Each structure stands twice: as structure tokens, then as C-alpha cells.
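Below, each chain spelled out in residue letters.
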Amino acid sequence: MRRALGYRLKGQGRLLLDFAGHMDRTGQTRLSTEAAVRWATQSPQTTAVTRRLRLSVIRCFARHLAALDPTCEIPPTGLLRAASRRPSPYLYSPTEISALIHAASTLSAPLPAATYQALIALLAATGLRVGEALTLERADVDLRDGVLHVTGKYDKQRLVPLHPSTTAMLTDYAARRDQLCPHPRSASFFITTTGNPVHPNLARRTFWQLLEWAGIHTLPGAARPRIHDLRHTFAVATYRRWYSEGTDVQAGAPILSAYLGHRCPSDTYWYLSAAPDLLALAAGRLTPLDVDPA
């Protein structure tokens, strides 16, 4: 019913089926708060945030089920507390981005090498989400005018203009791709050796391999660098450039927000706290209020 209303519910559907299987295996016929909490916390390896999310899936279902089954209990909110926070992004230096692109060129098969070179370069140059880049079809990439037709979160569509150098890079990739795979199985812009779309999980696994080859290692106590961090790096680099050029950051933030496909500028302002030097630059723009000593 919820999917018919437009919800995707990919992970939620899997979790709900897992919970139903757990109830069947344990012989329980009534949804109770105790059963929901026991299932949500059954794995000691899961984080507090994950356990809270698991219980929220059951709570949503229980609200629906309670209208049909008066014996159904709805787990109250606040049972499993967890402080949710965004992971600190890894900010790639220009040298590291170049090293990643070079590492991609050393992949054994020529088409994956070309694909990951172009993919990493595009993510670094535009800040696209990796899912947005991998779902681009050939018709979405306007190489004549240098514009991408991107479908982002919640199926929100936007136009992403490209720098001429990025357009030239994608043009070169398209020519190389068509030479190596003249009869692809899909209309995707980025494809594998078999002509199929590149799956996001495959892209992430390959990226972890490229990190090793590029000599980019996880610092002690820090999260492993991710392919999504190229998006963070783009946003932070844009803010840094604006501050160094004296640009009105407050006026530019909504533009960057639209470019990145954020729902509101407040999502983009988060990047100010992602790098300590950005906070310092922002603080340097503040002027003390004139105070009348009288």
C-alpha cells in the first residue's frame, strides 16, 4: 500500500520480511513490543542507530496492523535511543583525486579502466551522487551543450551544467566506450565490459581497490574514505573558493544547493562544519556589532 503511494521502501521491505520470518520461527502470532525490541536488538554487531532504525520499521507497520488487529502493540518512540550524526567526510586533495584516476587506468580490462576514470573524474568535478551518475542514460548526457539531465533523490530532476573540460572528458569516454562495446545491452552512459549498467555495489568495491592502489589509507580511528566523499570534497572546495574570492557565500549557498540536488540550503550549510578551516573562514566574515558605550 505504501509503495502504491510512492514510497520505495527497499531496505524497509527486506527488514519487515525478516521480522515476519523471525515471528514465524519463534511461533509468535501477535505483534508485541517485546518481540519487536528483541528482533531489533538480536544482533550485537549492529550499531545503536541501526537498532533504532530496525525498530522504527516495525513501529510503522504496527500502526497499520493495529487498525486490523486490536491485540497488536505499537512500540512507543524513545525505546531505543541513539545519537544520529553524519560521519565525518574524508576530503580528498587534488593530488589524491589524480592518483585515483590514474589507479583506475591500471585496471586490467580496458573498458572498466575507461569507465572508472570517467566516473571518478565526473564525481569530483560535479559533486553528483554516485547513484545519480550510474543511472545516467546516454540521452541524459548532452555533450553538445555540456549539460546533464540528472534524476536525484525522490525522483527530483535537475540540470547540471558542465565545465568544458568535463564535457571533453565525457566525449572522449563515450567514443572509447562505443569503440570497445559497439553493441551494449543497455542505454546507460557508464557500462561494464558486458555492456550492462555499472551496479553501485560494484562501483564501491572497485573504488576501495583503487584507494589501495592510490595509496590512500584510513587513518587510525577514522572512517574509511568513500566514493561519496568525492561529493563532500566538491562542496567544501566550492565554499573554500568562494571565501578566497570574496564571494557572497550566503547568496551562493542556494545555488550550490540546487546544483547538488539538496532539498533545502540548510543541507548544504552542513559542509561548513565538515572542515575546520571553513568554520574559521566563516568566522572571519563576521563583524562585531557596534556597541554604544553610553
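The structure this text deals with has already been given above.
Residues numbered from 1 in each chain as written. Predicted model: local features only at pLDDT ≥ 70, side-chain atom pairs only at ≥ 80, totals over all residues. Heavy atoms only, no water.

Draft legend 1. Examining the side chain of Asp-229 more closely. Mapped onto the fold, Asp-229 is located in helix α9 (residues 229-245). Overall, the relative accessible area of 2% leaves Asp-229 in the buried class. The contacts of Asp-229, once residues within four sequence positions are left out, are Pro-89, Tyr-90, Tyr-92 and Arg-224. (Helix = DSSP H or I, 4+ residues; strand = E, 2+ residues; numbered from the N terminus. Buried < 20%, exposed > 50% of the residue type's maximum accessible area, 1.4 Å probe, protein only. Contact = heavy atoms within 4.5 Å.)

Draft legend 2. Examining the packing of aromatic side chains more closely. Throughout the structure, instances matching the rule amount to 8 aromatic pairs. An angle of 70 degrees between the planes, with centres 5.4 Å apart, marks the rings of Phe-19 and Trp-39 as edge-to-face. Taken together, the residues Phe-19 in helix α1 (residues 10-25) and Trp-39 in helix α2 (residues 33-40) connect sequence positions 20 residues apart. As far as burial versus exposure is concerned, Phe-19 and Trp-39 are alike and both buried. Plain terms: the ring middles of Phe-189 and Phe-190 are 5.1 Å apart, the flat faces sit at 90 degrees to each other, and that makes the pair edge-to-face. Taking relative accessible area as the criterion, Phe-190 reaches 0% and is therefore assigned buried. Members of the aromatic cluster, joined through ring pairs, are Tyr-90, Tyr-92 and Phe-207. The ring of Trp-208 carries Arg-224 above its face, with NZ or CZ at 3.9 Å from the centroid. (Phe/Tyr/Trp six-rings, centres within 6.5 Å; stacked < 30°, edge-to-face > 60°. Lys NZ or Arg CZ within 6 Å of the ring centre and 35° of its normal.)

Draft legend 3. Representation of the packing of helix α4 (residues 94-105) against helix α5 (residues 110-126). Contact pair α4 / α5: the axes reach a minimum separation of 7 Å and the direction vectors enclose 165 degrees. It follows from the interaxial angle that α4 and α5 lie roughly antiparallel. Taken as a pair, α4 and α5 cross one another with a handedness that is right-handed. Contacts from Ile-97, Leu-100, Ile-101, Ala-104 and Ser-105 in α4 reach Ala-113, Tyr-116, Gln-117, Ile-120, Ala-121 and Ala-124 in α5. Residues of the contact of α4 with α5, tallied by class, amount to 9 nonpolar, 2 polar and no charged. (Axes fitted to C-alpha atoms, helices over the stretch in contact; angles between N-to-C directions. Parallel < 35°, antiparallel > 145°, perpendicular 65-115°, else oblique. Left-handed = near helix turned anticlockwise from the far one by under 90°. Nonpolar A, V, L, I, M, F, W, Y, C, P; charged D, E, K, R; others polar.)

Draft legend 4. Representation of the state of the cysteines within the structure. With the rule as written, the count across this model stands at 0 disulfides. Counting only cysteine sulfurs, Cys-72 is the nearest neighbor of Cys-60, a cysteine outside any disulfide, at a range of 12 Å. (Disulfide = S-S within 2.5 Å.)

Draft legend 5. Looking closely at the pairing of strand β2 (residues 147-151). Where strand β1 (residues 141-142) and β2 come together, 2 bridges link them in antiparallel fashion. In the sheet register, Val-141 faces β2, and the bridge partner there is Leu-148. Taking the residues between adjacent antiparallel strands as the criterion, β1 and β2 are bridged by 4 residues, where Gly-146 takes a positive phi near 70 degrees. Sheet topology note: the β2/strand β3 (residues 157-161) ladder contains 5 bridges and is antiparallel. Its bridge partner being in β3, Val-150 is matched across the sheet by Arg-158. (Pairing = 2+ DSSP bridges.)

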